[in-house]
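Single-letter residue listing:
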Amino acid sequence: MREHLPYTRAVVTLDEDGTRLDTSFRTPYLSVSALGAEGERPFLHLSSPQAQVVISTTGGGPVTEQDVTLARQIADAATRYLADCERIHTEQSTNSERAGESEQGKAA
């Protein structure tokens, strides 16, 4: 069985089209926080020991309708991610319990 080790991956690509940053967090050491709500500009901060991503308002300026739309999209995506994690975790727990029961039946 393949072991699933945690990691954070960040790749920067520079070419004639510009700069692209790809970051993948696959670690339990990820933290997520919302900062700056009491100020004029909110921040969404995701970080691991190896990388961080900060999302804030357009150009660091006032909150626009586009910023509100993006915040809703992030919230919707997070809700779907949570539902998928809960569903898969439940399925895995159920399958693990069934496998344990099956092994006990073979031993008897």
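Preceding block: the structure.
Computed from a prediction, not measured in an experiment: that's the story for all the values here.

Conventions adopted
- Residues numbered from 1 in each chain as written.
- Predicted model: local features only at pLDDT ≥ 70, side-chain atom pairs only at ≥ 80, totals over all residues.
- Heavy atoms only, no water.
- Helix = DSSP H or I, 4+ residues; strand = E, 2+ residues; numbered from the N terminus.
- Rg over C-alpha atoms; globule rule 2.2 N^0.38 Å.
- Buried < 20%, exposed > 50% of the residue type's maximum accessible area, 1.4 Å probe, protein only.
- Contact = heavy atoms within 4.5 Å.
- Areas by Shrake-Rupley, 256 points an atom, 1.4 Å probe, with all protein chains shown as cover.
- Lys, Arg positive; Asp, Glu negative; His and termini not counted.
- Charge placed at Lys NZ, Arg CZ, Asp CG, Glu CD.
- Pairing = 2+ DSSP bridges.
- Axes fitted to C-alpha atoms, helices over the stretch in contact; angles between N-to-C directions.
- Polar contact = N/O pair within 3.5 Å; in protein donor to acceptor, adjacent residues only side chain to side chain.

**Comments concerning the overall build of the chain**
Helix and strand counts for the chain stand at one helix and five strands. Reading the helices (α) and strands (β) of the chain from amino to carboxyl end gives β-β-β-β-β-α. Over its C-alpha atoms the chain spans a radius of gyration of 20 Å, topping by over 25% the 13 Å that the globule rule assigns to 108 residues. A principal-axis box enclosing the C-alpha atoms of the chain has dimensions of 70 × 35 × 25 Å. Taken over 108 residues, the chain has a buried fraction of 9%. Here the contacts in the chain between residues at least 6 apart in sequence split such that 10% fall between residues at least 24 apart. Summed over its atoms, the accessible surface of the chain is roughly 9,100 Å², and 54% of this surface lies on carbon and sulfur atoms. Taken together, the 10 basic and 16 acidic charged side chains of the chain have centroids lying 5 Å from each other.

**Overview of the sheet that holds strand E3 (residues 31-35)**
If you walk across this open sheet you meet the three strands as E3-E4-E5, and the pairing is antiparallel. The two strands at the open ends of the sheet, each matched to only one other strand, are E3 and strand E5 (52-56). Within this sheet the neighbouring strands show an average axis-to-axis angle of 15°, counted without direction. Bridging between E3 and strand E4 (residues 43-47) involves five bridges; their strand directions are antiparallel. Counterpart to Ala34 in the pairing with E4 is Leu44.

**Examining the environment of His45**
Structurally, the position occupied by His45 is in strand E4. Separated by 12 residues in the primary sequence, His45 and Ser33 have C-alpha atoms spaced 5.2 Å apart. A distance of 2.6 Å separates the side chain of His45 from the side chain of Gln52, its partner in a polar contact.

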